[in-house]
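Geometric and topological summary
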Amino acid sequence: MHFLARFRRRLGPYGFVAPALVVLCGVLLFPLAFSFYMSLFRFSIARPFLGRTFVGLDNYVLALQDAPFLRAIKNTLIITFSSLGIEMIIGTGIAVMLHSKIKFESLYRTILFFPVILSYVVVAVLWRIMMVAEIGLVPYLTGGFAPLSNGLSALLVVILANVWRNIPFVFTVVLAGLKTLPVEPLEAAEIDGAQGLKKFFYIVVPIMKPIFVVVLIMRTMDCLMMFDLVYILTNGGPRGATSTVSTFAVETAFQYFDTGYASALSFIIFFIILIITVLYTKVFKTNVFAK
Amino acid sequence: MKTTNRMVVLLVIAILSLASMTSHAAEIVLNVAMEAGRMADAAQSVVPDFEAKYPHIKVQIVPIPYTQYMQRVTTELASGSGAFDVLESHFLMNAQYIPSGFLYPLDDFIAKYNVDMDDFVISAVAPGTLAGRAAEVSPDGKSVYGLPYNSDVLMMVYRKDLYDRYGLEYPTDWDQAYENMKVLKEKEGIYGYVFSGATHPATHLLADFFTVALNTGGNFPLSPDLKPQMNTPGNLKALELFIKMVEEGIASEGTQEYLYAEKNTVISQGLAAHMSQYMLSAFFAMEDETSSSVAGKIDYKAVPGGNGFCGGWTVSVAATSKYPEEAFLFIEFLTNTENNAKLAIEFGNGPVRRSTILSPEFKEAYPFAEDLLVALDSGQSQYFNAPTLPIWDRIDQIVYTNLAEAIYGNLDAQEALELIDQEVARALRQAGY
Amino acid sequence: MKKRRYMAVFKYLALTLLTLMTAFPLVWLFLTSVKTERQIFASPPLFFFQPTFSAYKYIASSGIIGSYFVNSIIVSVCTVVFTVTLGSMCSYALVRLKLTGSRKLASGILVFQMLPPVVLVVPLYVLMSRINMINTHWSLILANTAIQLPFCIWLLSSYFAAVPDALEEAALIDGASLFQTYWRIILPVTLPGLFATAIFVFINSWNEFLFAINLTTSPAAQTMPVAVTGFIEARGVAWNHLAAAACVMLMPGLLFGIFARKYLVSGLTTGAVK
């Protein structure tokens, strides 16, 4: 009896964790492993009559030489880091402005907050309506220039839509961080002048840095994985000018049904994200995992 | 507090059970996947008559947007989940589906219900039989997997009124056609030509390109023994014509975003003078007086040179269907003489039966009926003579992507054709050919 | 003094401009949804016109609300139920109960957060095809739950960490079992956090598109995002219908944004700001 009770007490906590772990292992880990297994073959789920051939890491080698895929990687990196730069600057700016004493703060905050809860599908539709040749506002204002039919401008539109949707995330988090800053030392610093500036940085930076890093990491991952927005706004067009790694992999998997190759592509994407995240931890010397 | 808790729990359980509920219908319901828009509407119109004739069968049309159609249907068939009993498909799709065993063989049903296959136009039968080669690649050696539903061939649609006004003659080749276009651009200030420049997800650029190339001595991208042969003088001439059109403003840069429906809009709003278009869809758009400003001003002829590019859809039964025979009854009904005529006349659905095209009602509705029959019978497609490759969509993508790059000024014409041959060869190698 | 005034003017100008830039596309979306086709194609674009709700009527009558909207609700609610239940239990155990290897486990779970959904969708499609699960609600519920679980656990961990130890100790002294402690004592205290997480999971599931478009194939199980894309066809897009569908789709988010903004903000910030 005593033993059973102790056993239950010892095991109880694991019972709490188990269900979640079962789901994670069954629906994330196992398919991941299966995907890697698939990536070692050349086969198509839509063309079972072609059978499947084991090619080892050949798919990966092919992928790294596949010009459209490399272009997708380039586009993804451009979109990610351009968006990051704009979001962090404007987002922080908004947070700083909202943090100071101003009227209508609540009104500004409510409206500025809105885009972040929108689906990327809605965001894409919204921007597409404004940009399309026949009915768009922008073509009308620019005398016929349709931003979505030119490679460079289409990329800019994607960045614009992305930034529009996500700046609220940045400013909400940064604002919350600013609100945790102690008030008096800052006011004192402001009065003290140059001496105060040093004190200012000693107070602000340690508190705000981890917040910035978290925002940076979350936004980076989100941008690197970008699919919905591009798929609906431009579908990777015109002719692959705005394709992202995710749209390319999904296109390979569900349009050309090149299942093995698509699996390899998606693993490469996963590695890219992992590498960038590890780089971040090295550069910013913070460990997001320490909790 | 406790009662709200209970209510929440009950609500959640109710919703959870909705998720696992399956409908246990006593009657047979056929799910029919159709391209949203005209085709789905046309199919929907025959449903009441069908259900009246076969009271134990109900039909549910599932319209899917054209841009997602092939992807959605292939995803569904490959997953084997049985969501669709009937689907429409074209050559590209059937080339994958038939060897994969996704479609139900219809030979026995055709014999049982005495379907008159000879009445169908040749190019319309091709997709469902892979131009007569289905038996070679099908898992059970059967030869018919789809009944022709819709036929398409590109014909020249042009402003007859402007031709009359400026004394122009219908061109016999594309050089002459180009001259006419230049005249009309100068004198009327409208675009000489409009074509489909959009490259995703469809192959309309290919249709437009080969419509010209087949008449300038060009050819399809693959030879019957799978050699890439895009880089030929005939194709180069056609490509240079397109490049010139865009450069000299005979066709607008906006064509980059056009699939096949947008061309209709451009002509019907009087913005361009010529286009090559799938016939009946053009006719409806042009002559609809409520939205078209060129009703009665348009004439339709075989394209200069006479070699037409054709496409077409068949309706098939999914192999995973629980009711293959009932599904066959529906597709047989949809494509019988009476309905084919009705759909052609009322919805502009491309007719597939000889008897329909030659019938007086059809001729009355579409004066160009005889031209149409000739075009359909002689229509060609890149899929007809080459083997049934499962990677045609990849090859098409290589061709139209590079053609578009050249047409809109990012690539030199000769280079583009060479690139196509190279990339096609690589794709074939990768697929194991 | 003057510098202060310039700063203030700049601030108000900038904020107002940004607010307009934020709101305008949304307003334009709504305007498009109440125009007729002809008004949409009008040049110059119309700002003042006679609105019509025919697009919404079309959406209501075309069965979209019936199938897609309902499917979205089913999938989202079920995902929330599973994610929050499993996630809170797991998070509680990791944060408050001293388990061996909990730190490693937590790191492992965080790695899953970096998993792009695209890596998952292909094997899920293949595996689910084999067990005939494609085009069912469960395919989406499972996929969404799995994808959101790591984030949910991470988010809840902050809320659980904030619970004072005294509560737990008191319960243990009173002889409560682990589960009773969790259910009766800890959960009620973290209710705001649970609620914030639930809202987040709901919104993410509602907006989820990648799995929806690839794991489901017919209106039997497809969700709103797929319905919206259905209006972008080659036939010349029905812009007013598209805009109306998009407006319908953003309704839940809008409602949460108005009535539950506090929770949304809490959810966004809690993980990042301690």
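Residues numbered from 1 in each chain as written. Chains lettered and ligands numbered in written order. Predicted model: local features only at pLDDT ≥ 70, side-chain atom pairs only at ≥ 80, totals over all residues. Heavy atoms only, no water.

**Quick look at the overall build of chain A**
Cut-off, in case you're wondering: The numbering of helices and of strands both runs from the N terminus, where a helix is a DSSP run of H or I of at least 4 residues and a strand a run of E of at least 2. Using a 1.4 Å probe on the protein chains alone, a residue whose accessible area is under 20% of its type maximum counts as buried, one over 50% counts as exposed, and one in between counts as partly exposed. Contacts were defined at the residue level, with two residues in contact if any of their heavy atoms lie within 4.5 Å.
When helices and strands are counted, chain A shows twelve helices and two strands. When each of the 291 residues of chain A is scored for burial, the buried share is 56%. Long-range contacts, defined here as pairs at least 24 residues apart, represent 69% of the contacts in chain A between residues at least 6 apart.

**Things to note about the overall build of chain B**
Operational definition: Every radius of gyration here is taken over C-alpha atoms, with the globule rule written as 2.2 Å times N^0.38, N being the number of residues.
What chain B contains, in helices and strands, is 21 helices and eight strands. Taking 22 Å as the expected radius of gyration for a compact globule of 433 residues, we find that chain B reaches 24 Å, a close match to that expectation. With respect to the principal axes defined by its C-alpha atoms, chain B has extents near 80 × 60 × 50 Å. The buried share of chain B, taken over its 433 residues, is 60%. Sequence-distant contacts, at least 24 apart, represent 74% of the contacts inside chain B between residues at least 6 apart.

**Notes on the interface of chain A and chain B**
The condition that has to hold: When two components associate, each loses some accessible surface as probed by a 1.4 Å sphere; the sum of these losses over both components is called the buried area. Salt bridge, as applied in this entry: a Lys or Arg side-chain nitrogen positioned within 4 Å of an Asp or Glu carboxyl oxygen. All residues other than Ala, Val, Leu, Ile, Met, Phe, Trp, Tyr, Cys, Pro, Asp, Glu, Lys and Arg, Gly among them, are scored as polar; the first ten of these are nonpolar and the last four charged.
At the junction of the two partners, chain A supplies 22 residues and chain B supplies 25 residues. Taking both partners together, chain A and chain B bury about 2,300 Å²; carbon and sulfur atoms supply 49% of that area. When the area that chain A buries against chain B is broken down by residue, the three leading residues are Phe49, Arg239 and Tyr256 of chain A, summing to 32%. Here chain A and chain B share one salt bridge between them. Looking at the side of chain A that touches chain B element by element, the count peaks at three residues for helix 11 (residues 245-254) of chain A. Here the side of chain A that touches chain B is composed, by residue class, of twelve nonpolar, four polar and six charged.

**Overview of a nonpolar patch on the surface**
Under the convention used in this document: Like-charged residues are merged into a patch within 9 Å and nonpolar side chains (Val, Leu, Ile, Met, Phe, Trp, Tyr) within 5 Å, provided each residue has over 30% relative accessible area and no salt bridge. Per-residue and other accessible areas were derived by the Shrake-Rupley procedure at a 1.4 Å probe size, with only the shown protein chains allowed to occlude residues.
On the surface, a nonpolar cluster with roughly 270 Å² of combined accessible area is contributed by Phe49 and Leu50 of chain A together with Tyr433 of chain B. Relative to the elements of secondary structure, Phe49 of chain A occurs in the loop between strand 1 (41-42) and strand 2 (53-54).

**What about the packing of aromatic side chains?**
Just so we agree on the cut-off: Whether two aromatic rings pair depends on their centres lying within 6.5 Å, for rings of Phe, Tyr and Trp, where Trp uses its six-membered ring; planes under 30 degrees apart make the pair stacked, over 60 edge-to-face, and the rest tilted.
In this structure the tally under the stated criterion is 51 aromatic pairs over all chains. Between Phe254 of chain A and Phe257 of chain A the ring centres are 6.5 Å apart and the planes differ by 80°, which places this aromatic pair in the edge-to-face class. On the basis of relative accessibility, which here comes to 1%, the residue Phe254 of chain A falls in the buried class. Judged by centre distance (4.7 Å) and plane angle (55°), the rings of Tyr158 of chain B and Tyr163 of chain B are tilted. For the pair Tyr158 of chain B and Tyr163 of chain B, a shared accessibility class is recorded, and that class is buried.

**Focus: the packing of helix 7 (residues 151-179) of chain A against helix 14 (residues 261-272) of chain C**
Selection criterion: Note on method: axes are straight lines fitted to C-alpha atoms, helices fitted across the in-contact stretch only, with angles between N-to-C directions ranging 0 to 180 degrees. Here a crossing is taken to be left-handed if its near helix is turned anticlockwise relative to the far helix by less than a right angle, and right-handed if that turn runs clockwise.
Interaxial distance between helix 7 of chain A and helix 14 of chain C falls to 9 Å at its minimum, and their mutual angle equals 65°. The way helix 7 of chain A lies across helix 14 of chain C gives a crossing that is right-handed. In this structure, helix 7 of chain A contributes Phe169, Thr172, Val173 and Ala176 of chain A to the contact, and helix 14 of chain C contributes Val265, Leu268, Thr269 and Ala272 of chain C. Counted by class, the contact of helix 7 of chain A with helix 14 of chain C contains six nonpolar, two polar and no charged residues.

**Description of helix 18 (residues 369-378) of chain B**
Residues and elements named next belong to chain B. Inclusion rule: In this description, one arc is meant: the one made by directions from the helix axis to the C-beta atoms.
Every buried residue of helix 18 is listed here: Ala369, Leu372, Leu373, Ala375 and Leu376. Each buried residue of helix 18 sits inside an arc of 165° when the element is viewed along its axis, so together they form one side. Those residues of helix 18 that are buried are in contact with helix 6 (122-129), strand 4 (147-159), helix 13 (279-287), helix 16 (354-357) and helix 17 (360-365).

**Some thoughts on the nonpolar core**
Heads up, the rule is: Side-chain atoms within 4.5 Å are what join buried Ala, Val, Leu, Ile, Met, Phe, Trp, Tyr and Cys residues into a set we call a nonpolar core.
Ranked by internal contacts, the top residues of the largest apolar core, which has 360 residues, are Leu239, Phe330 and Leu403 of chain B together with Leu29 of chain C. For this core, the element with the highest residue contribution is helix 7 of chain A, accounting for 16 residues. For Leu403 of chain B, the contacting residues outside a window of four places in its chain are Leu205, Leu206, Phe209, Met230, Leu239, Leu417 and Ile420 of chain B.

**Notes on the interface of chain C and chain A**
Definition in use: What qualifies as a polar contact is a pair of N or O atoms within 3.5 Å, subject to a donor-acceptor requirement within protein and to the restriction that residues adjacent in sequence count only when both atoms come from side chains.
Contact with chain C, which involves 93 residues of that partner, is made by 88 residues of chain A. Buried area between chain C and chain A, summed over both chains or domains, comes out near 8,400 Å², and the portion from carbon and sulfur atoms is 83%. Counting every contact that joins chain C to chain A gives zero salt bridges. Our enumeration of links across chain C and chain A arrives at six residue pairs in polar contact (both at pLDDT 80 or more). In terms of residues, the side of chain C that touches chain A owes the most to one element, helix 1 (residues 2-33) of chain C, which gives 17 residues.

**Overview of the pairing of strand 6 (residues 272-278) of chain B**
Residue and element names in this part refer to chain B. This is how the line gets drawn: We treat two strands as partners when DSSP finds at least two bridges between them.
Within strand 6, seven of the seven residues are buried, leaving the element largely enclosed by the surrounding structure. Direction of pairing for strand 4 relative to strand 6: antiparallel, over a ladder of five bridges. What sits directly across from Met155, in strand 6, is Gln277. Examined bridge by bridge, strand 5 (residues 191-194) and strand 6 share three bridges and lie parallel to one another. Residue pairing for strand 6: Tyr191 is matched across the bridge by Ala272.

**So, the environment of Val228 of chain C**
Here Val228 of chain C shows up in helix 11 (residues 224-229). Once the C-alpha coordinates of Val228 of chain C and Ala244 of chain C are considered, the two residues, 16 residues apart in sequence, prove to be 8.9 Å apart. Ignoring any residue separated from it by four or fewer positions in sequence, one finds Val228 of chain C in contact with Val121 and Val125 of chain A together with Leu242, Ala245, Ala246 and Met249 of chain C.

**Side note on the side chain of Thr217 of chain C**
Relative to the helices and strands, Thr217 of chain C is located in the loop between helix 10 (210-215) and helix 11. Given the relative accessible area of 1%, Thr217 of chain C is considered buried. A distance of 2.9 Å separates a polar atom in the side chain of Thr217 of chain C from a polar atom in the side chain of Glu76 of chain B. Sequence-distant contacts of Thr217 of chain C, that is, excluding residues within four places in its chain, are made with Arg72, Thr75, Glu76, Ser81, Ala83 and Phe84 of chain B together with Asn135 and Gln222 of chain C.

**Some points on the side chain of Ser266 of chain A**
Along the polypeptide, Ser266 of chain A turns up in helix 12 (residues 259-284). The exposure class of Ser266 of chain A is buried, given its relative accessible area of 0%. For Ser266 of chain A, the contacting residues outside a window of four places in its chain are Ser35 of chain A together with Val118 and Val119 of chain C.

**Let's talk about the pattern of salt bridges**
Under the defined criterion, the tally for this structure stands at 18 salt bridges over all chains. Salt-bridge contacts for Arg219 of chain A lead to Glu87 of chain A; the nearest nitrogen and oxygen are separated by 2.6 Å. With Arg219 of chain A in helix 9 (residues 194-224) and Glu87 of chain A in helix 3 (residues 67-99), this pair connects stretches of sequence that are 132 residues apart. Both residues of the pair, Arg219 of chain A and Glu87 of chain A, count as buried. Lys237 of chain B is the partner of Asp175 of chain B in a salt bridge, and the nearest nitrogen-oxygen pair spans 3.2 Å. Of this pair, Asp175 of chain B sits in helix 9 (residues 174-188) while Lys237 of chain B sits in helix 11 (residues 233-247); the two residues are 62 residues apart in sequence, bridging distant segments of the chain. Where salt bridges share partners, they join Glu87, Arg219 and Asp222 of chain A into one cluster.

**Some details on unusual backbone geometry**
A negative phi angle characterises most non-glycine residues, just as the trans form characterises most peptide bonds. A positive phi angle, close to 50°, is found at Phe257 of chain A, a residue other than glycine. Relative to the elements of secondary structure, Phe257 of chain A occurs in the loop between helix 11 and helix 12. For Phe257 of chain A, a relative accessible area of 1% translates into the label buried. Positioned with a positive phi, Asn135 of chain C is a non-glycine residue whose angle comes to about 65°. Note that Asn135 of chain C resides in the loop between helix 6 (117-130) and helix 7 (137-161). Here Asn135 of chain C falls in the buried class, since its relative accessible area comes to 10%.

**Structural notes on the environment of Val12 of chain B**
Here Val12 of chain B lies in helix 1 (residues 2-20). Taking C-alpha positions, Val12 of chain B is 58 Å from Leu419 of chain B, a pair spaced 407 residues apart along the chain.

In short, the description is geometric, and any link to function would need to be established separately.
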